[in-house]
Amino acid sequence: MSGTAAETGFAVLLFSLQVVQSGVYAFWGVRYSSEGKCGVPGSTVDMSCTYRYPTRGVNDVNTFWFIKDYEDLKNDPAYEGRVQTLCEDNKCTLRISDLRVSDSAEYKFRIVTDQHWGRFSPAHGVTLSVFGLWVEVSQWSYSGRYTLRCMSVCTLARGLGRSSCYNVNYTYSNICAFKGSSVEISCSYTSITSISSEFWFSPSRSDQWKISSRPEALEQGHKYSWRTNEEDHTKFSYLNINNLTESDSAQYHFKFRSRNYEWMSSLPGVTLTVTALQVKASRRPEVHQASTAAELLCHSSCKPAGRLYYVWYLNGDRTQSGYTYKVSLLPGDSVSCAVEGWLQIRSPPMYALKIPWVLQTPSGEILEGRPVTLSCQSNGTAAASYTWGKTGNPGVQILRKEQEFVFNSIQSSDSGMYYCTAENELGERRSDTISIDVKYPPKLSSVSANPSADILEGSSLILICNSDANPPATYTWYKENQTLVPQTNGTYHFDSISSKDSGLYHCKSENQYGQINSSSLTVNVQYAPKRPSVSVSPSEEVTVGSSVNLSCSSDANPAANYTWYKENEDSPKAAGQILALSDMRPEHSGSYNCEARNSIGRHTATVNLTVAAPSHAAAIGSLTAILLAVIFLVFLLMRNKRSLKQTAEAEARPQNTQQCDNASAGLQDELEYSVVSFSKAGEDPIYFNVTPGQPCPQTQDDDTVEYSVVSCSNKTPLQRAKDEGDPFALYCTVSKNH
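Here's a quick rundown of the structure.

1. Some words on the overall build of the protein chain
A count of helices and strands for the protein chain gives four helices and 60 strands. Across the 738 residues in the protein chain, those meeting the buried criterion constitute 37%. Surface summary for the protein chain: the accessible area is close to 42,600 Å², and the carbon and sulfur share equals 49%.

As structure tokens, then:
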């Protein structure tokens, strides 16, 4: 209020200035056509005004309606799609449709120009009051006919008033009807203006309307039909619904439109309840193998149903009348009821259940992946509820509650024993079990070993082929790509496995629906090292100064470790398959042992190695040995002759000097003095001198004594090879001296 008043005062001040300066008669002003309006929810209301404003210097003007804070009503989300502003020649009308109680407020008009001083709105506006309606009910007679009057009270500027210019009176506000029957719903209605359209509708079918907020008429035809007539200036409308079903239970409304009025869709209508008679047990029946004892009621959801009389039928024949019916029923007997006066409308029959049975579709062999349906069959299926169970491990499983158990793609895991239970008001009975045996080709094939795929040579081993198949599979065994002896029970036996049995094994599983190969299993036969094989490289004669490799290999699983030993030595020479020896010497000769060892055992092999001298040294050694032998023989001969001489002289011993002379003279013809001299020089391996003891001095006329000198060359073998061609020949010179 303060803001409006201040702004108004500002406008008056400007107005005064303009009058003084120009003398032009121009001022601000807004005149409303009415200070108050009244409306009912769902209707439309118009509020209008005229206005004026100073025009000098004003090029543009904007007008709008608002409630508070000078906010244009058209921009308010609460009024979206419901507000229209109609302005022409300084007259502006605000139209609000589909009124709501929340629309009750004071509506003001505002003028805004393009001048900084040019804004105006009056302190007061138009008060709109929206009130809900109520129905005033008056009873015409004891027949159950009522008069309904729609009432509304609006707060107007002139005070309080009552409006009943438009109304709809339904004959019955609630109707109960039996399933399969027909019903008529009627109303009377008045309007102070001419009616442009009228129809019946049901909010339960709003999902079929083009616009959910705009009711559409029930489609006339075999199901729905209506007619109107007029009696004593009162209009009547009748809606007929045929062949009622439970889905027809809903509210039904009558609606009309006139030039400036529309009967609201939200007003109450007629509630229709469609019910079917049902046979129910008043207490739990006693179910025996041959009969069922029960006390029955004929039930209806209509309130008056408790005051009606019922007729009972056993197996289609009328038996008695009454509210209850005590009976002993045999399996398969049926009971139904009807209301006296409407015998053509009976309840569905209720059956004393027989033992149900399970029907399999399609029948015959069941293949995995195919659709299969199990149906629980019993008489009176429409009145029974069903439960499916499966026996086995663990225990009994309750699966679902439907008459049909559908497997869209049956699996091997669905195999088992199934049964169904049928239950109604007269008790329950269980079917016999049916076996569902799903056939399928082998799958999940695998190979395992007992005790283990890593096994010691000589042990027994069983290979096992596992696969899931129905019917059971037959098996074929393969090693690598070689087919082994067929086995029917999925096992392959090794009584005493050997190293040659190591390798990859797999099996093929097959039945009449298919086959599958398993993954491969590696059989690893483990054994101690076999006798090692030893080789010498190079294979030629081992000589002094050369190098040689001794190699050892053995068949073993797991692979063997190798250790080398030399005879008469405790510590190993080396570890590994190869023993490398270099700079060979004679002391390297001997026996070498190779030991192959793994976690299972060991084995040893021996090789003899001889280190020989080079070839020229051997030749010289041989010649030296021959010469030594010759010298030794000469020495023995000389010793023998000497012994003979000494024996002869002992018989007649002269003086020493004479003896020596005589001995010398007597032996000159027989004695020979020889000197064999071996000189050590160069690279000859063996050189030495042999010098015999000196004899007694000889005279010059001893013609029989010969002195010989054997002189061997002191040249090296290489020099002799150059000079004479044979580096290993022994050259000597013999000189004879007389």
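2. Considerations on the sheet that holds strand β1 (residues 29-32)
The antiparallel open sheet is built from four strands, whose spatial order is β1-β3-β6-β5. Two strands lie at the open edges of the sheet, namely β1 and β5 (83-88), each paired on one side alone. Averaged over all pairs of adjacent strands, the angle between their axes in this sheet comes to 20 degrees, without regard to strand direction. In terms of strand pairing, β5 meets strand β6 (residues 91-96) through six bridges, oriented antiparallel. Counterpart to Thr 85 in the pairing with β6 is Leu 94.

3. What to know about the packing of aromatic side chains
As enumerated under the stated definition, the model contains 22 aromatic pairs in all. Ring plane angle 35 degrees and centroid distance 5.4 Å describe the contact between Trp 312 and Tyr 325, whose orientation is recorded as tilted. Of the two residues, Trp 312 sits in strand β24 (residues 310-314) while Tyr 325 sits in strand β26 (residues 324-329), which places them 13 residues apart along the sequence. The same class applies to Trp 312 and to Tyr 325, which are both buried. Clustering of aromatic rings is evident, with ring pairs tying together Tyr 170, Tyr 189, Trp 200, Phe 254, Phe 256 and Trp 263. The ring of Tyr 70 has Arg 110 lying over it, and the distance from NZ or CZ to the ring centre is 3.8 Å. Over the aromatic face of Tyr 440 sits the side chain of Lys 443, whose NZ or CZ is 4.6 Å from the ring centroid.

4. Comments concerning unusual backbone geometry
Following Asn 450, the chain continues into Pro 451 via a peptide bond in cis, with omega recorded as 10 degrees. Looking at where Pro 451 falls in the secondary structure, it is placed in the loop between β39 (438-450) and β40 (454-456). The amide bond that connects Ser 537 to the next residue, Pro 538, takes the cis arrangement and shows omega of 0 degrees. With respect to the helices and strands, the residue Pro 538 is situated in the loop between β48 (533-537) and β49 (542-543). With a phi close to 60 degrees, Asn 90 is a non-glycine residue in the positive phi region. Relative to the helices and strands, Asn 90 resides in the loop between β5 and β6.

5. Points about the sheet that holds β48
Note: strands within a sheet are paired through backbone hydrogen bonds, in either parallel or antiparallel orientation. Strand order in this open sheet of three strands is β48-β50-β53, and the pairing throughout is antiparallel. A single partner strand is all that each edge strand has here, and the edge strands are β48 and β53 (578-581). Averaged over all neighbouring strand pairs, the angle between strand axes comes to 15 degrees, with direction disregarded. Of the pairings in the sheet, the one linking strand β50 (residues 548-553) to β53 comprises four bridges and is antiparallel in character. Residue Asn 549 lies in a different strand from β53, and its bridge partner there is Ala 580.

6. Considerations on the environment of Ile 355
Inspection of the secondary structure puts Ile 355 in the loop between β29 (350-351) and β30 (357-361). Owing to a relative accessible area of 42%, Ile 355 belongs among the partly exposed residues under this scheme. Taking the C-alpha atoms as reference points, Ile 355 and Ser 431, 76 residues apart in sequence, are found 5.8 Å from one another. Setting aside its immediate chain neighbours within four residues, Ile 355 contacts Gln 289, Arg 429, Arg 430 and Ser 431.

7. What to know about the pattern of salt bridges
Any two side chains of opposite charge can pair, given that their charged atoms come close. Per the stated rule, a full pass over the model turns up 14 salt bridges. With a closest N to O distance of 2.6 Å, Lys 223 and Asp 248 form a salt bridge. Taken together, the residues span a long stretch of sequence, with Lys 223 in the loop between β16 (195-201) and β17 (224-231) and Asp 248 in the loop between β18 (234-241) and β19 (250-258) at a distance of 25 residues. You can call Lys 223 partly exposed: its relative accessible area is 25%. Asp 248 gets classed as buried once you look at its relative accessible area, which sits at 1%. Here Arg 597 and Glu 595 are joined by a salt bridge, their closest N and O atoms 3.3 Å apart. Residue Arg 597 is classed as partly exposed on the basis of its relative accessible area of 39%. Among the ionic contacts, a cluster of salt bridges with common partners joins Arg 205, Lys 223 and Asp 248.

8. Remarks on the side chain of Ser 336
Among the structural elements, Ser 336 can be located in strand β27 (residues 334-339). Ser 336 sits in the buried class, given a relative accessible area of 7%. With near-sequence residues (within four places) excluded, Ser 336 lies in contact with Val 279, Val 311, Trp 312, Tyr 313, Arg 346, Ser 347, Pro 348 and Pro 349.

9. Structural notes on the nonpolar core
Counting residues in hydrophobic clusters, the biggest one holds 31 residues, and the most contacted among them are Trp 200, Ile 241, Tyr 252 and Leu 272. Those elements giving two or more residues to this core turn out to be β13 (167-170), β14 (174-178), β15 (183-190), β16, β17, β18, β19 and β20 (270-275). Tyr 32, Leu 99, Ile 111 and Leu 128 belong to the second largest nonpolar core, which has 25 residues in total.

10. Here we look at the pairing of strand β45 (residues 503-511)
Burial of β45 is extensive: seven of the nine residues sit out of reach of the surface. Pairing of β45 with strand β47 (residues 521-526), which is carried by three bridges, proceeds in the antiparallel orientation. Looking at β47, one finds that Leu 504 is bridged to Thr 522. Adjacent in sequence and paired antiparallel, β45 and strand β46 (residues 514-517) are bridged by two residues.

Rules used in this analysis
- For every chain, the first residue of the written sequence is number 1, and numbering continues from 1 onward in sequence order.
- Given that the model is predicted, a residue must reach a pLDDT of at least 70 before its local features are reported, and side-chain atom pairs must reach 80 or more before they are shown or counted; all residues, however, enter totals for whole chains, interfaces and linings.
- Here the side-chain values reflect all heavy atoms present in the structure, with hydrogen atoms and water set aside.
- Secondary structure elements follow DSSP: runs of H or I no shorter than four residues count as helices, runs of E no shorter than two count as strands, and numbering proceeds from the N terminus.
- Exposure is judged per residue with a 1.4 Å probe applied to protein chains only, and the accessible area is read against the type maximum: over 50% gives exposed, under 20% gives buried, and values in between give partly exposed.
- Computed with a 1.4 Å probe, the accessible areas rest on the Shrake-Rupley method; for each residue, only the protein chains presented here act as cover.
- Whether two strands pair depends on DSSP finding at least two bridges between them.
- Axis lines are fitted through C-alpha atoms, for helices just across the contact stretch, and the angle between N-to-C directions can take any value from 0 to 180 degrees.
- Aromatic rings from Phe, Tyr and Trp, with only the six-membered ring used for Trp, were paired whenever their centres fell within 6.5 Å, and each pair was classed as stacked if the ring planes differed by under 30 degrees, edge-to-face if by over 60, and tilted otherwise.
- Counted as over-ring charges are cases with an Arg CZ or a Lys NZ within 6 Å of the ring centre that also lie within 35 degrees of the ring normal.
- The criterion used for residue contact is that any of the two residues' heavy atoms lie within 4.5 Å.
- What counts as a salt bridge is simple: a side-chain nitrogen of Lys or Arg found within 4 Å of a carboxyl oxygen of Asp or Glu.
- By nonpolar core is meant a set of buried Ala, Val, Leu, Ile, Met, Phe, Trp, Tyr and Cys residues that side-chain atoms within 4.5 Å join together.

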